Amino acid sequence: MDFFSQINVALRGPTGQPQSAADTIARLADRLSPSTLLADRRAAVLALKGLARDLKADVGERALPGLLDVLQNDAEVDADIGKAVLETLIVLCEVDENAAAPARELGYKHTDAVLADEKVAQKCFALMADQSFYLRFSALQFLSTLLQNRRQLVQAYFLKAPVGVTSLIALLDDKREIIRNEAIFTIQSLILQNPEIQKIMAFEGAFEKLFNIIINEQGVEGGVVVQDALTCIDGLLRFNQSNQSYFRGSSLPPVLLSLVGFPPSIPFNTPTPQQFALQLWDVPQKRANTSLVVGIIGLLARHAGPPDGLSIVCTRCLIELGLSSNAPTNIKTQALRLVPSNLSALPLAEMVVTPYMPVPDTNGEEWDRLEPASALDALVELILHGEYNSIIDGERRTKDGMELRSAALSVFQNFVQKEEISEAIVKAMISQPGSQAPVTPLLYALTTVPVSPLNVPSTTSTHFATLLFAHLLRHSPRAKTLARSIVPQGNAGQSGGSFFVPADGGAPPADADPAGDADEPQTLLQILSEHLSLALLSRSRPDMPDREAREWDRLSAGYLCLFVQWLWEDPAAVREFLEAGALGMLVEPINQTAEEDAMIPGLCAFLLGVCYEFNREPGEVTRATIYPILNRLGIDILSGRVIHLRDDERFKAVGPDNAVVVAPSVHVPPHHPPQGPPSASLPKPEAEEGEMWFDWAFVDFWKSNYYAIQKAIAVDPNSVSSAAGQESAMLIASLRDVIRNQAAEIDKLQSQLKALSTASGEQETLRAQVASLTEQLKSSDEGKRDVEKEQEDLLVLLDELNGKRRRDKERMRQAGMDVSEDEAEDDDEEDEEDEE
């Protein structure tokens, strides 16, 4: 009742008449003066708190200075008034992003007024250590509001606070969950983009306290608190090399790995436990928590410098999670994307994993354990056939599934960066004398004959096989040479084989090779050129469904991209490709004036330019043969075809970390049967479908070389290779740089030599001075020895004289002569000295 009476007194005018809102706020602001009683100030603050939400501008204009004075003087004295004033300030400073611009600006204005005095922020830091629950909680909320509005200024004040770090870290041990959770949220905002605060937090024990919270909340099985704590740990480590080094040297990395069930001390040749590979993922919160843990493990795996034990363990955890677990597809994709690019310390061909396959019609509750396989084989299998061999997705290419295969493709690219590895893989596809060529999964998918109507999973496998094979050949001339020797065996390599029989059992296509050619084995390059011809011919058929036409385009793009990278700087491969009849099949798509899609004509024009540029070996088709065809097509038209490729949305969408685009809404043709077992569960209808046309390696290759091809197609056939000229120019420029650097190094060495010469002259002077002083010292020593010898001689002489004197005095006494007493005393003293 006393409170209401005080409010009533505050609201009444001098004569008891109601006042306006502005007058009421002014009167309440006057009651905030330190000269009033504490109870009156408390009542005024509570009244202003009620008015602040509806009259924020008036309260801020008239009462904000008084509220700040109350915060400074009374908050620690009275917890109730401290809580009330903090809540009032929160209302005044909060910014609603959905509100109008003037309302947002008002919140920022009040925040600037609050932070104009550093003492206010310091008071908030001090109140975090108060024992009152409500005061501590309100201080945290107010600090979070200030950080949201003016983070950098609050961070600067925090670095100067004498007790800010200690008070905030101590709140992580608070038994009251609401305080602890609010402290975690505040730390997230406080450490954002501030390495200094991140370091201070780390060395004050933030890692240990946050992990204690995570463990006490049941790890990744916990709720939002675990997610916030993991977000804080990620914020402390990311972009902070000092904290990463500190964390790596602590005892916490094994705890981090154990959160996802991976044994940190497991030997390399020991398979991971089933508890890690098979987990329940029904709870969305667990997925979010695990994603954060995987992100932190990725930071530890990408260690600067040579790989150490921890980075190897973390890399293995990521590979096992991506290849041999039942984790959600997006987590597998994240894990594979975080695998370091340097895989030399973790040989995938020797690492053994144990894949699992879901049992149909069990809703993911039962799993079949497959035979152990090398990580490299499992990786290629995932790229070629998708997750779980596509028995769940069927013919649909879900965007998540394509992202996973794209991430696995990046891991394969990093693994074969060393030429000896790519050469070994290509060499394994070559038949040895007296034996047939091995049928590897990659070679089988690469040489599978496309049959109309296209089988979507088979087409996708072939497309990914072209990407894999391009990674093996791109930067290895030796691998390109070996690839020309590959002769696939049986139906896998013969375009006239059983693979050309359509699904309906009809007759083979007219493009099939005559039976007489079957006696002569075809090389891989010849087979792929025939498949490219078939794909380009099939895509031009009229009345083809949109879905199938798009699949033929994708298959054609895969073959063309492979040939572009294979034939680059390989004249022998160019000659074999042209002799297989490639010139005519490339010219036709370029010459189609009604072509709406610029991708295939652009790739054909680029490949034709590559063939013309690197056709440097004698053969049936020479540069002189190709040059008139280029002129007939038009140099400008060819250049335009090449340039227009970069304007294609499918080409522009490819980036270093993103190669999958959303597929257009097309329906699966009814003649496409679902792939996999009949009981395999189909994806949900709302699953987003994705597709992949290029990878970043090809896009980067094209951007680096398309200008050289544009120049090459315009030069005379008898001229020197423009690429070679460009390389020569680059070599000359490089040599000039080397000469320039060597000249600068010579000048530097000459300056050092001159300085050393000057120093050598000074050294000679010093040596002369030392020699002179040595001679002087030697002379002085000799003189000293002479003087000492003279002194010894004088002492001997003096001793002889004293003896003679004593003898003379004794004779005088014996003769009766007088001897003075002084002389006698002298004789006695001399006798005593002699006795001593």
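No experiment lies behind these values; they were computed from the predicted model shown.

Definitions and limits used
- Residues numbered from 1 in each chain as written.
- Predicted model: local features only at pLDDT ≥ 70, side-chain atom pairs only at ≥ 80, totals over all residues.
- Heavy atoms only, no water.
- Helix = DSSP H or I, 4+ residues; strand = E, 2+ residues; numbered from the N terminus.
- Buried < 20%, exposed > 50% of the residue type's maximum accessible area, 1.4 Å probe, protein only.
- Contact = heavy atoms within 4.5 Å.
- Areas by Shrake-Rupley, 256 points an atom, 1.4 Å probe, with all protein chains shown as cover.
- Phe/Tyr/Trp six-rings, centres within 6.5 Å; stacked < 30°, edge-to-face > 60°.
- Core = buried A, V, L, I, M, F, W, Y, C linked by side-chain atoms within 4.5 Å.
- Salt bridge = Lys/Arg side-chain N within 4 Å of Asp/Glu carboxyl O.
- Patch = residues over 30% accessible without salt bridge, like charges linked within 9 Å, V, L, I, M, F, W, Y side chains within 5 Å.
- Arc of directions from axis to C-beta.
- Lys, Arg positive; Asp, Glu negative; His and termini not counted.
- Charge placed at Lys NZ, Arg CZ, Asp CG, Glu CD.
- Polar contact = N/O pair within 3.5 Å; in protein donor to acceptor, adjacent residues only side chain to side chain.
- Axes fitted to C-alpha atoms, helices over the stretch in contact; angles between N-to-C directions.
- Parallel < 35°, antiparallel > 145°, perpendicular 65-115°, else oblique.
- Left-handed = near helix turned anticlockwise from the far one by under 90°.
- Nonpolar A, V, L, I, M, F, W, Y, C, P; charged D, E, K, R; others polar.
- pLDDT = per-residue confidence, 0-100.
- Disulfide = S-S within 2.5 Å.

Novice: Residues and numbers for the overall build of the chain, please.
Specialist: Helices and strands together make up the secondary structure of the chain, namely 38 helices and six strands. In the chain, which comprises 836 residues, the proportion classed as buried is 47%. Long-range pairs, those at least 24 residues apart, make up 74% of the contacts in the chain with a sequence separation of at least 6. When the accessible area of the chain is evaluated, it comes to approximately 41,100 Å², of which 52% is carbon and sulfur surface.

Novice: With reference to specific residues and values, describe the packing of aromatic side chains.
Specialist: Applying the stated criterion across every chain yields a total of 20 aromatic pairs. Geometrically, the ring pair formed by Phe211 and Phe247 is stacked, given 5.9 Å between the ring centres and 25° between the ring planes. Residue Phe211 is found in helix α13 (residues 206–216), and its partner Phe247 is found in helix α15 (residues 241–248); the two are separated by 36 residues along the sequence. Overall, the relative accessible area of 1% leaves Phe211 in the buried class.

Novice: So what's going on with unusual backbone geometry? Residues and values would help.
Specialist: A cis geometry characterises the amide bond from Ser452 onward to Pro453, with omega recorded as 5°. For Pro453, the location among the structural elements is in the loop between α24 (441–447) and α25 (456–473). We note that Phe239 has phi near 60°; this positive angle belongs to a residue other than glycine. Among the structural elements, Phe239 can be located in the loop between α14 (224–237) and α15. The class of Phe239 is exposed, set by a relative accessible area of 77%. Notably, Tyr388 is not glycine yet its phi reads approximately 55°, a positive angle.

Novice: Can you tell me about the nonpolar core, naming the residues and giving the values?
Specialist: Ranked by size, the top nonpolar core spans 213 residues in total, and within it Leu168, Met201, Phe469, Leu472, Phe577 and Phe694 carry the most contacts. In contact with Phe694, other than residues within four places in its own chain, are Cys561, Met599, Leu603, Leu645, Arg650, Phe651, Val654, Ala659 and Val699.

Novice: Run through helix α30 (residues 571–579), naming residues and quoting values.
Specialist: If you check which residues of α30 are buried, you get Ala572, Ala573, Val574, Glu576, Phe577 and Leu578. A positive phi of about 85° marks Gly581, the residue just after α30.

Novice: Tell me about the pattern of salt bridges, and name the residues and values.
Specialist: A complete count under the given rule lists 31 salt bridges for this structure. Each of Arg397, Arg547, Arg550, Glu551, Arg554, Glu689 and Glu691 takes part in salt bridges that share partners, so that together they form one network.

Novice: Run through a nonpolar patch on the surface, naming residues and quoting values.
Specialist: Among the surface-exposed residues, Leu794, Leu795, Leu797, Leu798 and Leu801 lie close enough to one another that they form a single nonpolar patch of about 500 Å² accessible area. Along the polypeptide, Leu797 turns up in helix α37 (residues 722–814). Given the relative accessible area of 43%, Leu797 is considered partly exposed.

Novice: So what's going on with helix α33 (residues 623–633)? Which residues, and what values?
Specialist: Restricting attention to buried positions, one finds in α33 the residues Arg623, Ile626, Ile629, Leu630 and Leu633. The buried residues of α33 occupy an angular sector of 125° when the element is viewed end-on, so they sit on one face. Looking at the buried side of α33, the elements it contacts are α30, α31 (582–590), α32 (599–613) and α34 (635–645). One or two residues past the end of α33 sits Gly634, with phi positive at roughly 100°.

Novice: I'd love a proper account of a negative patch on the surface, names of residues and values included.
Specialist: Together, Glu775, Asp781, Glu782, Asp786, Glu788, Glu790, Glu792 and Asp793 make up a region of like negative charge exposed at the surface. As for its placement among the helices and strands, Asp786 is situated in helix α37.

Novice: Go over the side chain of Asn326 with me, naming the residues and quoting the values.
Specialist: For Asn326, the position within the fold is in the loop between α19 (309–323) and α20 (329–337). A distance of 2.8 Å separates the side chain of Asn326 from the backbone oxygen of Gln279, its partner in a polar contact. Every residue in contact with Asn326, bar those within four places of it in the chain, is listed here: Ala277, Leu278, Gln279, Trp281, Lys332, Trp367 and Tyr388.

Novice: Residues and numbers for the packing of α13 against α14, please.
Specialist: Two elements in contact, α13 and α14, have axes whose closest approach is 9 Å; the angle formed by their N-to-C orientations is 155°. Judged by the angle between their axes, α13 and α14 are roughly antiparallel. For the pair α13 and α14, the sense of crossing is left-handed. Side by side, α13 and α14 meet where Ala206, Phe207, Leu210, Phe211, Ile213 and Ile214 of the first sit next to Val225, Val226, Ala229, Leu230, Cys232, Ile233, Leu236 and Leu237 of the second. Across the contact of α13 with α14, the residue classes tally to 14 nonpolar, no polar and no charged.

Novice: Give me the confidence of the model for the chain: which residues, what numbers.
Specialist: When the pLDDT values of the chain are averaged, the result is 83; 86% of them are 70 or greater. Here residues 491–518 is modelled with pLDDT under 50, and outside its nearest four sequence neighbours on either side it reaches 41 contacts, counting other chains as well. Note on residues 667–685: pLDDT is under 50 here. Beyond four places in sequence and across chains, it has 28 contacts.

Novice: Please give an account of the packing of α20 against helix α22 (residues 399–415) that cites residues and values.
Specialist: Between α20 and α22, the least distance of the axes is 8 Å, while the angle of their chain directions is 20°. Taken as axis vectors, α20 and α22 run roughly parallel relative to one another. In this structure, the crossing between α20 and α22 has a hand that is left-handed. Where α20 abuts α22, its residues Thr329, Lys332, Thr333, Leu336 and Arg337 lie against Asp400, Gly401, Glu403, Leu404, Ser406, Ala407, Ala408 and Val411. By residue class, the composition of the contact of α20 with α22 is five nonpolar, four polar and four charged.

Novice: Give a detailed account of the environment of Pro306, specifying residues and quantitative values.
Specialist: Position of Pro306 relative to the elements: it lies in the loop between α18 (284–301) and α19. For the pair Pro306 and Asn342, spaced 36 residues apart in the sequence, the C-alpha separation amounts to 9.2 Å.

Novice: With reference to specific residues and values, describe the state of the cysteines.
Specialist: This structure, assessed with the given rule, holds zero disulfides. Looking at the unpaired Cys124, the closest cysteine sulfur is the one in Cys93, lying at 9.5 Å.

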